[in-house]
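Letter by letter, the chains look like this.
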Amino acid sequence: MLTHNQLRQGTRVEIDDLPWIIVDAQFVKPGKGQAFTKIKIKNLIDGRVIERTYKSSETVVKASIVDKDMQFLYGDDEFWHFMDPASYEQVAMTHSQVGEVKYWLKEQESYQIVFWKEKPIALTPPPFVVLTITQCEPGIKGDTVSGATKPAILQTGATVKVPLFVNEGDRIRVNTRSGEYVERAKG
Amino acid sequence: MKRLIAAGMGAIYQIGPAFRKGEWGRYHHPEFTMLEWYRPQWTMAQLMMEVVDLVKVFLPVPSVRVMTFQEVFVQWTGVDPLTSPLEVLAKTLERPFSPDSQRSHWVDWLFVERLEPAIAPLDCLLVITGFPPWEPGMAELDCGPPEVVRRFEVFFKGVELANGYQELQNPEEQEQRLNTANAQRVEDGGDALPIDEHFLAAMRSGLPPCAGVALGLDRLLMLAFDKKNISEVMAFREHIPLP
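The rules behind each value
Residues numbered from 1 in each chain as written. Chains lettered and ligands numbered in written order. Predicted model: local features only at pLDDT ≥ 70, side-chain atom pairs only at ≥ 80, totals over all residues. Heavy atoms only, no water. Pairing = 2+ DSSP bridges. Helix = DSSP H or I, 4+ residues; strand = E, 2+ residues; numbered from the N terminus. Buried < 20%, exposed > 50% of the residue type's maximum accessible area, 1.4 Å probe, protein only. Contact = heavy atoms within 4.5 Å. Expected span 1.5 Å × (residues − 1). Arc of directions from axis to C-beta. Polar contact = N/O pair within 3.5 Å; in protein donor to acceptor, adjacent residues only side chain to side chain. Patch = residues over 30% accessible without salt bridge, like charges linked within 9 Å, V, L, I, M, F, W, Y side chains within 5 Å. Areas by Shrake-Rupley, 256 points an atom, 1.4 Å probe, with all protein chains shown as cover. Salt bridge = Lys/Arg side-chain N within 4 Å of Asp/Glu carboxyl O. Phe/Tyr/Trp six-rings, centres within 6.5 Å; stacked < 30°, edge-to-face > 60°. Lys NZ or Arg CZ within 6 Å of the ring centre and 35° of its normal.

**Q** So what's going on with the sheet that holds strand S2 (residues 12–15) of chain A? Which residues, and what values?
**A** Strand order across the open sheet formed by six strands is S1-S6-S2-S3-S4-S5 (chain A), with antiparallel pairing between neighbours. Bordering the open sheet on either side are strand S1 (2–3) and strand S5 (49–55) of chain A, each of which pairs with just one other strand.

**Q** Go over the environment of B:Arg26, please, and point to the residues and values.
**A** Note on placement: B:Arg26 falls in the loop between strand S1 (12–19) and strand S2 (31–40). With relative accessibility at 24%, the residue B:Arg26 sits in the partly exposed group. As a C-alpha pair, B:Arg26 and B:Gly16 span 10 residues in sequence and 20 Å in three-dimensional space. Those residues in contact with B:Arg26 that sit more than four places away from it in its chain are A:Asp24, A:Gln26, B:Met222, B:Lys228, B:Asn229 and B:Ile230.

**Q** Any chance you could break down helix H6 (residues 171–187) of chain B for me, citing the residues and the numbers?
**A** Residues and elements named next belong to chain B. Taking 1.5 Å as the rise per residue, H6 with 17 residues should run 24 Å; its terminal C-alpha atoms sit 24 Å apart, in good agreement. Within H6 the residues assigned to the buried category are Pro171, Gln174, Arg177 and Asn182. For H6, the angular spread of buried residues about the axis comes to 135 degrees, placing them on one side. Structural note: H6 exposes Glu172, Gln176, Thr180 and Glu187 on the side pointing more than 90 degrees away from its buried face. Buried residues belonging to H6 abut strand S5 (141–142) and helix H7 (197–206). Here H6 starts with a cap whose side-chain oxygen sits 2.9 Å from the backbone nitrogen of glutamate 172, and that cap is asparagine 170.

**Q** Quick rundown of a nonpolar patch on the surface? Include the residues and the values.
**A** Residues and elements named next belong to chain B. Residues Met49, Val64 and Val66 make up a contiguous nonpolar surface patch of about 220 Å² in total accessible area. If you trace the backbone, methionine 49 turns up in helix H2 (residues 44–58). By relative accessible area, methionine 49 is classed as partly exposed at 41%.

**Q** Break down helix H3 (residues 69–77) of chain B for me, citing the residues and quoting the values.
**A** All names here are of chain B. Here H3 has its buried residues at Phe69, Val72, Phe73 and Thr77. Buried residues in H3, looked at end-on, bunch into an arc of 95 degrees, giving them a common side. In the core, the buried residues of H3 are packed alongside strand S3 (64–68), helix H4 (86–92), helix H5 (103–119) and strand S4 (125–131). Positioned one or two residues after H3, glycine 78 has a phi angle of 80 degrees, which is positive.

**Q** I'd like to hear about the packing of aromatic side chains, residue by residue, with values.
**A** Residue and element names in this part refer to chain B. Inspection of every chain in the model, using the stated rule, returns nine aromatic pairs over all chains. Look at phenylalanine 73 and phenylalanine 111: their rings are 6.4 Å apart centre to centre, the planes differ by 45 degrees, and that puts the pair in the tilted class. Residue phenylalanine 73 is located in helix H3, and its partner phenylalanine 111 is located in helix H5; the two are separated by 38 residues in the primary sequence. Grouping residues by exposure puts phenylalanine 73 and phenylalanine 111 together as buried. In this structure an aromatic cluster arises from ring pairing among Phe69, Phe73, Phe111, Phe131 and Phe155. Above the ring of tryptophan 42, the side-chain terminus of arginine 39 is found at 4.3 Å from the ring centroid. A cation sits over an aromatic face here: arginine 151 above phenylalanine 131, 4.2 Å from the ring centre.

**Q** Mind laying out the pattern of salt bridges, listing which residues take part and the relevant values?
**A** Here the structure, examined in full by the defined rule, presents 18 salt bridges over all chains. Across the pair A:Glu89 and A:Lys68 runs a salt bridge, and its minimum N-O distance is 3.6 Å. With a gap of 21 residues between them, A:Glu89 in the loop between strand S8 (79–83) and strand S9 (90–94) and A:Lys68 in strand S7 (residues 65–75) connect regions that are remote in the sequence. For B:Glu113, the salt bridge goes to B:Arg95, with nearest N and O atoms at 3.6 Å. One end of the pair, B:Glu113, is in helix H5; the other, B:Arg95, is in the loop between H4 and H5, and 18 residues separate them in sequence. Judged by relative accessible area, which is 23%, B:Arg95 ranks as partly exposed.

Structure (structure tokens):
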């Protein structure tokens, strides 16, 4: 149980039988009256954000949440499969749970999966992944400064803007937060 | 400070640290700096204007609105904090109503959930007067109707900057309020504060008619420098203890 002054940004709580993360917490004391904490919470399953207010005498349940680093194995028609490299335990996540992260799923790569009540509910990709370009216009030699870009399709199906000198078959490092090209991967 | 005023010191001010244990937030810090001043023989209305003049030195204030506690609630929440039935207040908040609940409880909720978000976008300096009798602080009663206390608060962009009173002169009433406040602290799980007998003795010897106000300097500076958190204008800050 968390008392109202333990409601802090980043704390994960269970409200209305759902898991949430506190994105903003605000202490309020109107007039000379009682103290309140106003929190803005983001649903860990569907991402919607709502506000709630708690009185100083109220408590909130701390969500029983575990983060695990797991390796991506493969995807099939229904699920994306991951494995805990320590215990070899496997979990499957649905397409809707994985969402846009599917563009950054690479075999053997490690992803952080959020478990709530022992069920996987969300996953976070590493900040950068290296992926191979499967399709793009041929490269223009020597053009490393113009800043012009062209679209490239990656092995995962993601489309990323790349500089003109980059070629099909090249491996590139991509920022998974912004979806932007960073550099050509070495080796 | 009121002991000095009772002793005939005249108009006085102080700038100094104040403490509120456990109060953390964007606009709260356990230790903060307060500017407090008193004007013997002044009315609260005169002091309100002086506070506005001071605030204008620091903040771009395009206009000033003076409204009663009742008026601000009627305007921005649609209900009357002093007279609307408690069921109506609960319904406005979409919260379950319990018949033994207190009016102050619902009005505090309304303030936090409805009024504060509504006044935050306003450009004007908002001065709220005529507080309900259940939040008297050290203010004189105004028999009304409606029965209120002679107290004001100054808000800018939804941030409470100052709280002022037509100072209570009656020593028996003062003693009773200190005891009531202590009983409330104990009920809320806190410790009772020692009763300041020197202060009560000064009140019995006679406090002149007087208006006084306390202003949160860190909040004023935060707004003046367009910061989002009072800790950004403080030299030293405490770290929030982890749960």
